[in-house]
Amino acid sequence: QQPEQPPPPQQQQQLPAPEPAVANGDGGASAAGGAGAAAPDGAATPAGSGGAQRRADIAASFQRVAVEHLVERVERAIGWAREAEPGLTCVVVAGGVAANSEVRRQLSGACGRAGLPMVCPPVRLCTDNGTMVAWAGMLRLWLGLAEPPLRESDELDLF
């Protein structure tokens, strides 16, 4: 028996989903708990009873709200960055969030409206934080920004 397949995105129903909570005025936010709040019964829909459609609707609605919120935060961050650094030349989107095609599409639009190019590593490098750290290190090396490695005799004051 074939597993139930979700419908294409254009057929998904818009469900209400909560906005991510804003932690403070520094641009930080959390979407923790948003998926459960969007549809606490989502996991309990049995296969074959429209459960795949319901789960697809929940996922699409949660993603829509999360991406809208992210775009709003990035637009605000661009304004803050331009105040601090008027010569701002681009917006870099990296990490796991940059692997999401809808996030890339929406943020590309926000950057375009701001007159800035959006720069992203290849998607294949955006799914693992360790890979992103290595990518950043490689770029620093190419730009001549590498620092010599620490030696055992180096004193560190971490805190």
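Worth saying up front: this structure is predicted, and the values here are computed from it rather than measured.

Draft legend 1. Spatial organisation of the overall build of the chain. The helix and strand inventory of the chain stands at four helices and four strands. Taken from the N to the C terminus, the helices and strands of the chain come in the order β-β-α-α-β-α-β-α. A burial count over the chain gives 23% of its 159 residues as buried. By sequence separation, contacts in the chain at least 24 residues apart represent 65% of the contacts at least 6 residues apart. On the chain, roughly 10900 Å² of surface is accessible, and the fraction owed to carbon and sulfur atoms is 57%.

Draft legend 2. Inspection of the nonpolar core at higher detail. Counting 14 residues, the largest nonpolar core has Val71, Ile78, Val91, Val93 and Leu107 as its most contacted members. Taken together, the elements giving at least two residues each to this core come down to helix H2 (51–84) and helix H3 (101–113). When residues no more than four places from it in sequence are discounted, the contact partners of Val71 are Gln106, Leu107, Ala110 and Arg113.

Draft legend 3. Representation of the state of the cysteines in the model. Summed over the entire model, instances satisfying the criterion amount to zero disulfides. Of all cysteine sulfurs, the one in Cys111 lies closest to Cys90, which takes part in no disulfide; the gap is 8.8 Å.

Draft legend 4. Inspection of the pattern of salt bridges at higher detail. Under the definition given, this model contains five salt bridges. Where Arg64 meets Glu68, a salt bridge forms, and the shortest distance between an N and an O atom there is 3.8 Å. Taken together, the positions of Arg64 and Glu68, both in helix H2 and four residues apart, correspond to about one turn of that helix. Salt-bridge contacts for Glu102 lead to Arg105; the nearest nitrogen and oxygen are separated by 2.7 Å. Placement of both Glu102 and Arg105 in helix H3 is noted, with a separation of three residues, approximately one turn of the helix. For Glu102, a relative accessible area of 23% puts it in the partly exposed group. Overall, the relative accessible area of 51% leaves Arg105 in the exposed class.

Draft legend 5. Looking closely at the confidence of the model for the chain. For the chain, per-residue confidence averages 77 on the pLDDT scale, and 67% of positions sit at 70 or higher. Mean pLDDT values over the elements of the chain span from 50, in strand S2 (residues 29–30), up to 96, in H3. Confidence drops under pLDDT 50 across residues 1–7; counting only partners more than four residues distant or on other chains, this segment forms 11 contacts.

Draft legend 6. Structural detail: H3. Helix length check: H3, at 13 residues, gives a terminal C-alpha distance of 18 Å against a target of 18 Å (1.5 Å per residue), a fit within 8%. Regarding H3, the residues found buried are Val103, Arg104, Leu107, Ala110 and Cys111. When H3 is viewed along its axis, its buried side chains cluster within an angular range of 130 degrees and face the same direction. Of the exposed residues in H3, those oriented more than 90 degrees away from the buried face are Ser101, Arg105 and Arg113. Those residues of H3 that are buried are in contact with H2, strand S3 (91–92) and strand S4 (118–119). Sitting at the amino-terminal end of H3 is Asn100, which places a side-chain oxygen 2.8 Å from the backbone nitrogen of Glu102.

The rules behind these values
- Here the residue numbers are simple positions, counted from 1 along each chain's written sequence.
- Only residues with pLDDT of at least 70 get local features here, since the model is predicted, and only at 80 or more are side-chain atom pairs given and counted; chain-wide, interface and lining totals rely on the full set of residues.
- Here the side-chain values reflect all heavy atoms present in the structure, with hydrogen atoms and water set aside.
- Where helices and strands are cited, they refer to DSSP runs of H or I of at least four residues and of E of at least two residues respectively, numbered from the N terminus.
- With a 1.4 Å probe rolled over the protein chains alone, any residue whose accessible area is under 20% of its type maximum counts as buried; one over 50% counts as exposed, and the rest are partly exposed.
- By definition in these notes, contact holds between two residues if any of their heavy atoms fall within 4.5 Å.
- For the accessible areas, the method is Shrake-Rupley and the probe is 1.4 Å, while residue cover comes only from the protein chains on display.
- Residue types Ala, Val, Leu, Ile, Met, Phe, Trp, Tyr and Cys, when buried and joined through side-chain atoms within 4.5 Å, form a set referred to as a nonpolar core.
- The rule for a disulfide is simple: a pair of cysteine sulfur atoms within 2.5 Å.
- Salt bridge, as applied in this entry: a Lys or Arg side-chain nitrogen positioned within 4 Å of an Asp or Glu carboxyl oxygen.
- A residue's pLDDT is the confidence the predictor assigns to it, expressed on a 0 to 100 scale.
- To estimate the expected span of a helix, count its residues, drop one, and scale the result by 1.5 Å.
- Within this analysis, the arc is defined by the directions that extend from the helix axis to the C-beta atoms.
- The definition of a polar contact used here is a pair of N or O atoms within 3.5 Å, where within protein one atom must be able to donate a hydrogen and the other to accept one, and adjacent residues in sequence count solely through side-chain atom pairs.

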